[in-house]
Protein chains: 2
Amino acid sequence: MSNVRALPLLDRSEAPAAAVVPCCPPLSERPFTAEEAERTARMFKALGDPVRLRLFSAVASHEGGEACVCDISDVGVSQPTVSHHLKKLKEAGLLTSERRGTWVYYRVEPSVLAAMGQLLAVR
Amino acid sequence: MSNVRALPLLDRSEAPAAAVVPCCPPLSERPFTAEEAERTARMFKALGDPVRLRLFSAVASHEGGEACVCDISDVGVSQPTVSHHLKKLKEAGLLTSERRGTWVYYRVEPSVLAAMGQLLAVR
DNA sequence: CTTTTGCTTCGACATCTGTCGATCCCTTGC
DNA sequence: GCAAGGGATCGACAGATGTCGAAGCAAAAG
């Protein structure tokens, strides 16, 4: 189950690194369609849990924009729950993970952050 | 039930209108505390539902930044459900409502939008 | 006052979500 | 090979959430 694909917020295939291509216009530009709302809500929902927000913040603020799970798993819930939330953040396209030897490192997708910021831009 | 107070994202008591005082530092500045995460997650959660996102976008993109419920309630769910979601958005501090005669108007809280944008600022 | 219209609240219900302990998988070290 | 440790998955379960129809409430119209 859960074959949810990461959000194609940004076309990373050959776009220059600085070019942020948001999935949707700013919230205040025009009413969202059902599909736009569905995609975008997934990101907001991912950050709509306190534990996930702490995990995301911990990764985002860690040096190099990445952190080992062992460095950030002190958020008051059990280890399986931490893993569960990190998975959710990955499915939302906000984090990526990579195993390096014993440890697994999570890193933020800065372009996605920027795209979300543009969603909130005031008209 | 549901005596949830609006988020004190911005001290509106006597601050100048342009001064955005976010509740929390940018997500990537330092790891969020439990309390910061709790408060901030409430906002993201409010936008983490497709119907609410459409309603919010409809209000935000409406001229004058406000809209009558009758103008935006065509989002594919029943009218009580629309009312339910608008209430949630109000409780999250993202919208305010005001009755003027027959109709009820909802309007966005622009400072809250700006504060959320700052949360997503890249370090 | 009665009716109509716009919106909220209530009650009920199915589904989703967060949480945990137990277990499994993968890598390293012996 | 085997043991140890980091991390993911599984199964279960209580509580939260989205949804609706019915009923209630407030303002305007007749």
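This is a predicted model, so every value here is computed, not measured.

Here is what the cut-offs are and how they apply
- Residues numbered from 1 in each chain as written.
- Chains lettered and ligands numbered in written order.
- Predicted model: local features only at pLDDT ≥ 70, side-chain atom pairs only at ≥ 80, totals over all residues.
- Heavy atoms only, no water.
- Phe/Tyr/Trp six-rings, centres within 6.5 Å; stacked < 30°, edge-to-face > 60°.
- Helix = DSSP H or I, 4+ residues; strand = E, 2+ residues; numbered from the N terminus.
- Buried < 20%, exposed > 50% of the residue type's maximum accessible area, 1.4 Å probe, protein only.
- Lys NZ or Arg CZ within 6 Å of the ring centre and 35° of its normal.
- Expected span 1.5 Å × (residues − 1).
- Polar contact = N/O pair within 3.5 Å; in protein donor to acceptor, adjacent residues only side chain to side chain.
- pLDDT = per-residue confidence, 0-100.
- Contact = heavy atoms within 4.5 Å.
- Near = heavy atom within 4 Å.
- Nonpolar A, V, L, I, M, F, W, Y, C, P; charged D, E, K, R; others polar.

(A) Up close: the packing of aromatic side chains. For the coordinates displayed, the defined rule picks out one aromatic pair over all chains. Between F44 of chain A and F44 of chain B the ring centres are 6.1 Å apart and the planes differ by 25°, which places this aromatic pair in the stacked class. Residue F44 of chain A is located in helix α1 (residues 34-46), and its partner F44 of chain B is located in helix α1 (residues 34-46); the two belong to separate chains. F44 of chain B matches F44 of chain A in its accessibility class, with the two residues each being buried. Of note, R100 of chain A hangs over the ring of Y105 of chain A, and the distance from its end group to the ring centre comes to 4.3 Å.

(B) Inspection of helix α2 (residues 50-61) of chain A at higher detail. Residues and elements named next belong to chain A. Taking 1.5 Å of rise per residue, 12 residues should cover 16 Å, and α2 covers 16 Å from first to last C-alpha, within 8% of that figure. Across the 12 residues that make up α2, a large majority, 10, are buried. Here α2 has its buried residues at V51, R52, L53, L55, F56, S57, A58, V59, A60 and S61. The backbone nitrogen of V51 lies 2.9 Å from a side-chain oxygen of the residue at the head of α2, namely D49.

(C) Just the confidence of the model for chain A, in detail. Residue and element names in this part refer to chain A. Here chain A averages 84 in pLDDT, and 81% of its residues register 70 or above. When pLDDT is averaged over each helix and strand of chain A, the minimum, 88, is found for helix α5 (residues 110-119) and the maximum, 98, for helix α4 (residues 79-91). In the predicted structure, residues 1-19 sits below a pLDDT of 50 and forms 24 contacts with residues beyond four places in sequence or in another chain.

(D) Looking closely at the protein's contact with DNA strand D. Within the structure, DNA strand D sits among 25 residues, and S83 and Y106 of chain A together with K45, S78 and H85 of chain B are positioned closest to it. Sugar plus phosphate, as a fraction of atoms of DNA strand D within 4 Å of the protein: 75%. The separation between a phosphate oxygen of DNA strand D and a polar main-chain atom of C70 of chain A is 3.4 Å. Separating a phosphate oxygen of DNA strand D from a side-chain N or O atom of H85 of chain B is a distance of 2.5 Å. Looking at the surface near DNA strand D, the elements that each hand over two or more residues are α3 (69-72), α4 and β3 (103-108) of chain A together with α2 (50-61) and α4 (79-91) of chain B. Its residues placed into classes, the surface near DNA strand D shows 10 nonpolar, nine polar and six charged.

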